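Survey of secondary and tertiary structure
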Amino acid sequence: PQHVTDQFYALNEMTIRGFAPKPILTFDEIQFPTSIRNVIHQLGYIRPTPIQSQAWPILLSGQDLVGIAQTGSGKTLSFILPALIHSAGQTNARSGDPLVLILAPTRELAQQIQGVGADFCAATNARSTCIYGGAPKPPQKREIRYGLEVCIATPGRLLDFVREKTINLDRVTFLVLDEADRMLDMGFEPQIRKIVKCIRPDRQTTMFSATWPKEVQKLASDFMTNCAHITLGKAVL
Ligand code: ADP
Ligand code: MG
């Protein structure tokens, strides 16, 4: 009922803009495959975090999403689980070319995303690979050659690989920009724009940011149409 949803928003200081299906309050309310349910159970998670409660129904319905939330709110699983479900549902899902692309500002953050998602990737037979600069290319190229479903990358090195035709982004249909404000602070905007140009326009796009300055808003309006916005806590819209 509406009052339960309103109470949830008030309690979690959550603001929604755009259309959003109602938040789910327990893991049982969401249609996750058994493989994913089992991992949630093994990890001992008791309930979804507020961002997951609202992001999962939005992303599973195929809608684009902007999430504005601080670190430690459980953003990684809020996009990784819908990404894995999306990826498993594609025909010829294991062709070796990525179906999911996650852009992150640094090597550390890319590896953190991979770590949080690891058990879920394993359970759904998705191979994830981290691509980042400041490290030799050959080991990363080798991993790409072996095949991957989920690519977690910093923009500079990924663009190098796109230009060298080491990686092919033609099959990416689920795109995530994590920590978008930090990527812009680091000067990655030109690389991000070039990468996104290579990705099918009929993709599903998700963007997360701790803050919501003009530059991030512009990126969101250029990359997404008809998206829902979730703002958590005191971040200003
Ligand atoms: P953020 O990206 O918002 O900073 P993360 O996605 O990295 O946060 O999540 C922080 C930690 O919380 C991770 O170690 C993750 O495994 C854990 N976590 C995520 N969702 C839940 C949950 N529903 N219950 C308990 N722990 C969770
Ligand atoms: Mg994060």
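Please read these numbers as outputs of a predicted model, since none were measured by experiment.

**Looking at the packing of helix α7 (residues 155-163) against helix α9 (residues 189-197)**
Between α7 and α9, the shortest axis-to-axis distance is 9 Å and the interhelical angle comes to 45 degrees. Taken as axis vectors, α7 and α9 run oblique relative to one another. Along this stretch, α7 crosses α9, giving a crossing that reads as left-handed. Residues Pro155, Gly156, Leu158, Leu159 and Arg163 of α7 form the contact with α9, whose own contacting residues are Gln191, Ile192, Lys194 and Ile195.

**Observations regarding the UniProt feature "short sequence motif: Q motif" (unreviewed entry) in the protein chain**
In this structure's numbering, the residues bearing the UniProt feature "short sequence motif: Q motif" (unreviewed entry) are residues 25-53. Annotation note: span residues 25-53, helix share 48%, strand share 0%, distance between end C-alpha atoms 6 Å.

**Here's the deal with the site of ligand 1**
Of all residues adjacent to ligand 1, which total 15 residues, the nearest are Tyr45, Arg47, Gln52, Gly72 and Thr76. Gln52 is positioned such that a nitrogen or oxygen atom in its side chain is 2.8 Å from a nitrogen atom of ligand 1. Residue Gly74 places a main-chain N or O atom 3.1 Å away from an oxygen atom belonging to ligand 1. Relative to its unbound accessible area of 570 Å², ligand 1 is 73% covered by the protein chains. With three residues, the top contributor of residues to the shell around ligand 1 is helix α4 (residues 75-88). Partitioning the shell around ligand 1 into residue classes produces five nonpolar, eight polar and two charged.

**Some details on the pairing of strand β6 (residues 174-177)**
Neither face of β6 is exposed, since Phe174 and Val176 on one face and Leu175 and Leu177 on the opposite face are all buried. When strand β3 (residues 100-103) meets β6, the two strands line up parallel, connected through four bridges. Opposite Ile102, over in β6, you have Val176 as the bridge partner. Bridge count for β6 against strand β7 (residues 204-209) is four bridges, and the pairing is parallel. Across the sheet, the residue bridging to Leu177 is Met207, located in β7.

**What about the packing of aromatic side chains?**
Summed over all chains, the structure comprises four aromatic pairs. Plain terms: the ring middles of Phe79 and Phe208 are 5.7 Å apart, the flat faces sit at 40 degrees to each other, and that makes the pair tilted. On the criterion of sequence distance, the pair formed by Phe79 in helix α4 and Phe208 in strand β7 is long-range, its members being 129 residues apart. When its relative accessible area of 0% is taken as the criterion, Phe208 is described as buried. One aromatic cluster in this structure is built from Phe27, Phe32 and Trp56.

About the thresholds
Residue positions are given per chain, counting from 1 as you read along its sequence in written order. Written order decides the labels, with chains lettered from A and ligands numbered from 1. In keeping with the model being predicted, local features are shown solely for residues with a pLDDT of at least 70 and side-chain atom pairs are shown and tallied solely at 80 or more, while totals for entire chains, interfaces and linings include all residues. Neither water nor hydrogens contribute to the side-chain values; these are computed over all heavy atoms in the structure. To obtain an axis, a line is fitted to C-alpha atoms, over the contacting stretch when the element is a helix, and the angle between two such axes runs from 0 to 180 degrees between their N-to-C directions. The numbering of helices and of strands both runs from the N terminus, where a helix is a DSSP run of H or I of at least 4 residues and a strand a run of E of at least 2. Any angle between 65 and 115 degrees counts as roughly perpendicular, while under 35 counts as roughly parallel, over 145 as roughly antiparallel, and the rest as oblique. Working rule for handedness: look at the near helix, and if it is turned counterclockwise from the far one by less than a right angle, call the crossing left-handed; if clockwise, right-handed. Any two residues having at least one pair of non-hydrogen atoms within 4.5 Å are treated as being in contact. UniProt positions are given in the numbering used here, feature names are shortened, and annotations may be inferred rather than shown by experiment. Here a residue is near a molecule or strand as soon as one of its heavy atoms is found within 4 Å of it. Two N or O atoms count as a polar contact when they lie within 3.5 Å, although within protein this holds only if one can serve as hydrogen donor and the other as acceptor, and sequence-adjacent residues are included solely when both atoms are side-chain atoms. Areas reported here follow the Shrake-Rupley algorithm with a probe of radius 1.4 Å; residue values treat only the protein chains shown as occluding. Nonpolar residues are Ala, Val, Leu, Ile, Met, Phe, Trp, Tyr, Cys and Pro. Charged residues are Asp, Glu, Lys and Arg, and all others, Gly as well, are polar. Three exposure classes are used, based on accessible area relative to the maximum for each residue type with a 1.4 Å probe and protein chains only: buried under 20%, partly exposed in between, and exposed over 50%. Two strands qualify as a pair provided that DSSP identifies no fewer than 2 bridges between them. Only rings of Phe, Tyr and Trp enter the pairing, Trp through its six-membered ring, and a pair is recorded when the two centres are within 6.5 Å. The plane angle decides the type: under 30 degrees is stacked, over 60 is edge-to-face, the rest tilted.

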